[in-house]
Amino acid sequence: MSDNKGPTHHGKEEDDVVEIKKALATGSGSTHGAAAASTVAPIVCYCIASILMTVVNKFVVSGTHFNMNFLLLCMQSSVCVACVYTVKKLGLISFRDFDSKDAKMWFPISVMLVGVIYTGSKSLQYLSIPVYTIFKNLTIILIAYGEVIWFGGRVTGLTLVSFILMVVSSVIAAWADISDALAIGDPAVAEAVNGFASVSGVVSKLNIGYFWMFLNCATSAAYVLTMRKRIKLTGFSDWDTMFYNNLLSIPVLAVASIVAENWGYENLNRNFPPDTRNFLLFAIAFSGAAAVGISYTTAWCIRATSSTTYSMVGALNKLPVAASGMIFFGDPVTFGSVTAVGVGFFAGLVYAVAKNNQKKAEAASQPSVIPMANRTS
């Protein structure tokens, strides 16, 4: 028995060593404790990174006349690649050298990432942080049913209940957001013509924000599902994924900025006012460095859990993210906004329970594979 078990166990250890070298200790270990730790660590790191990125990006795009999102994202990606390459040169991390074949295979993913971060930045530009984070829940539903189609996933009754709660929280958030906007430009308070014009302008701005938000949900779901599939084909580690994502997005963002954005002297001054230019550039550089964290922890979280769980973690993360919006950006604290965040958070808890029950049921229904393999080996 021990002779049969030895080679099998040794082979498993060799596989683990290879995976650890590829993913720099982000892969699962051979014990249950290590597996649990490898699941918790990426989730915690992703939560911290996503809060940081949301707050910093909201600050950068909150300028009154800011309209150069492609340039902003290009600068962030450039700083991100520079930071990662520097850390690699210092010997702290390791990832594949640039390869044209890998680049060609991964380029569509990078283009999709450009769509995700651009629509996300436009959403933040028009919507408050609480509304933005709540509506990200809709991405979870798209990803979950995408996993059903592509990866043989399953949606249980309790999971469906959590999805319904997510939709309800999004509706409440939109209602509260529009109500607050109408209260600010109430035609009963101002002159009739000016009042209605103000309401029309505010609602138009919100409509643009919701358009970008729904587009962001669609592109995010497509990106996460496609990246999960492509990671399996390329064998990319988490650092490989982050490096190629940002490196290949730079030319796409640069071309988009040159073609679609106004590079005139006056527009550059409006986007980067002289009195706040240095601090704004510092914030952009900081967010680019922080993008190393969000890019890496995203791939790490998807690899260690699943793409649906990764999105759900982001949904549970809405409570501190929404609080950061209320603290740093003066987002209104109303009954509707608090209720929307509360319902969305509860939906996340229901989903977590549903996934845990589903996991236990699947584990109970599976036969004991390892002992049988040892007996027959």
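What you see is a predicted model; the values in this text were computed from it and never measured.

Asks: Could you clarify how one ought to interpret the packing of helix α3 (residues 69–89) against helix α9 (residues 238–260) in this entry?
Replies: Two numbers describe a pair of packed helices, the interaxial angle and the distance between the axes. At a closest axis distance of 8 Å, the pairing of α3 and α9 adopts a crossing angle of 150 degrees. On the basis of their axis angle, the class for α3 and α9 is roughly antiparallel. Both α3 and α9 take part in a crossing whose hand is left-handed. Within the contact between the two elements, α3 uses F70, L71, L73, C74, S77, S78, C80, V81 and V84 and α9 uses W239, M242, F243, N246, L247, S249, I250, L253, A254, A256, S257 and A260. Looking at the contact of α3 with α9, its residues break down into 16 nonpolar, 5 polar and no charged.

Asks: Explain the pattern of salt bridges here, please?
Replies: Once the charged atoms of two side chains with opposite charge are near each other, the side chains can pair. A full pass over the atoms with the stated rule returns 4 salt bridges. Between D97 and K88 there is a salt bridge, with its nearest N and O atoms 2.8 Å apart. Residue classification places D97 among the exposed positions, given a relative accessible area of 60%. Three or more residues joined by partner-sharing salt bridges are found here, namely R96, D102 and D240.

Asks: Help me understand a nonpolar patch on the surface in this model?
Replies: A cluster of nonpolar side chains, Y145, V148, I149, W150, L160, I164 and V168, forms an exposed patch at the surface whose accessible area comes to about 640 Å². Looking at the nonpolar patch, the elements that each hand over two or more residues are α6 (137–150) and α7 (157–184). Element by element, the count of residues in the nonpolar patch is highest for α6, at 4 residues. Of note, L160 is situated in helix α7.

Asks: What exactly am I supposed to notice about the nonpolar core here?
Replies: Soluble globular proteins: nonpolar side chains tend toward being buried together. The biggest cluster of nonpolar side chains holds 44 residues, and the ones touching the most others in it are V84, W106, Y223, M227, W239 and Y244. Of all the secondary structure elements, the ones that give two or more residues to this core are α2 (32–61), α3, α4 (100–126), α8 (192–234), α9 and α11 (277–304). Setting aside chain neighbours within four positions, we find Y223 in contact with I109, M112, L113, V116 and N245. Counting 36 residues, the second-largest nonpolar core is a separate cluster that includes V131, I172, C217 and Y351.

Asks: Honestly, the packing of α3 against α4 in this entry has me stumped. Any pointers?
Replies: Taken N-terminus to C-terminus, the directions of α3 and α4 make an angle of 125 degrees; their axes are 10 Å apart at the nearest point. Regarding the angle of α3 to α4, the classification is oblique. Pair α3 / α4 crosses with right-handed handedness. Taking contact as the criterion, the partners of N69, F70 and L73 in α3 are, on α4, I117, Y118, S121, K122 and Q125. Of the residues contributing to the contact of α3 with α4, the split by class is 4 nonpolar, 3 polar and 1 charged.

Asks: I would appreciate a short explanation of the side chain of D102 in the present structure.
Replies: Of note, D102 is situated in helix α4. According to the relative accessible area criterion, D102 is buried, its value standing at 16%. Of the polar contacts made by the side chain of D102, one reaches the side chain of R96; its length is 3.3 Å. Residues in contact with D102, not counting those within four places in the same chain, are R96, F236 and Y244.

Asks: Would you mind going over the packing of aromatic side chains with me for this structure?
Replies: Following the criterion strictly, the structure yields 14 aromatic pairs and no others. The interplanar angle of 25 degrees and the centroid separation of 6.1 Å between the aromatic rings of F163 and Y351 together place this pair among those described as stacked. With F163 in helix α7 and Y351 in helix α14 (residues 335–365), the pair connects residues that are 188 residues apart, well separated along the chain. With respect to burial, F163 and Y351 carry one shared label: buried. Grouped by ring-pair contacts, the aromatic residues F95, F98, W106, F236, F243 and Y244 constitute a single cluster. The cationic tip of K88 hangs over the ring face of F95; the distance from NZ or CZ to the ring centre is 4.4 Å.

Asks: It is not clear to me how the environment of Y210 should be interpreted in this structure. Could you clarify?
Replies: Residue placement: Y210 occurs in helix α8. With 78 residues separating them along the chain, Y210 and Y132 place their C-alpha atoms 8.9 Å apart. Those residues in contact with Y210 that lie beyond four places of it in its chain are L127, V131, F135, A173, A174, D177 and I178.

Asks: Would you mind showing me how to read α9 here?
Replies: Helical geometry: 3.6 residues make up each α-helical turn, so side chains three or four residues apart lie on a common side. Over its 23 residues, α9 runs 32 Å from end to end, which matches the ideal 33 Å to within 8%, given 1.5 Å per residue. Maximum bend of α9: about 30 degrees, positioned at I250, with proline P251 one to four residues after it.

Asks: Is there a simple way to think about the environment of Y244 in this case?
Replies: Along the chain, Y244 falls in helix α9. Residue Y244 is classed as buried on the basis of its relative accessible area of 0%. Residues Y244 and F107 lie 137 residues apart in sequence; the distance between their C-alpha atoms is 8.1 Å. When neighbours within four sequence positions are excluded, Y244 is seen to be in contact with D97, F98, D99, D102, A103, W106, S110 and F236.

What counts, and where the lines are drawn
Residues numbered from 1 in each chain as written. Predicted model: local features only at pLDDT ≥ 70, side-chain atom pairs only at ≥ 80, totals over all residues. Heavy atoms only, no water. Axes fitted to C-alpha atoms, helices over the stretch in contact; angles between N-to-C directions. Helix = DSSP H or I, 4+ residues; strand = E, 2+ residues; numbered from the N terminus. Parallel < 35°, antiparallel > 145°, perpendicular 65-115°, else oblique. Left-handed = near helix turned anticlockwise from the far one by under 90°. Contact = heavy atoms within 4.5 Å. Nonpolar A, V, L, I, M, F, W, Y, C, P; charged D, E, K, R; others polar. Salt bridge = Lys/Arg side-chain N within 4 Å of Asp/Glu carboxyl O. Buried < 20%, exposed > 50% of the residue type's maximum accessible area, 1.4 Å probe, protein only. Patch = residues over 30% accessible without salt bridge, like charges linked within 9 Å, V, L, I, M, F, W, Y side chains within 5 Å. Areas by Shrake-Rupley, 256 points an atom, 1.4 Å probe, with all protein chains shown as cover. Core = buried A, V, L, I, M, F, W, Y, C linked by side-chain atoms within 4.5 Å. Polar contact = N/O pair within 3.5 Å; in protein donor to acceptor, adjacent residues only side chain to side chain. Phe/Tyr/Trp six-rings, centres within 6.5 Å; stacked < 30°, edge-to-face > 60°. Lys NZ or Arg CZ within 6 Å of the ring centre and 35° of its normal. Expected span 1.5 Å × (residues − 1). Bend = angle between axes of the 7 residues up to and from the residue.

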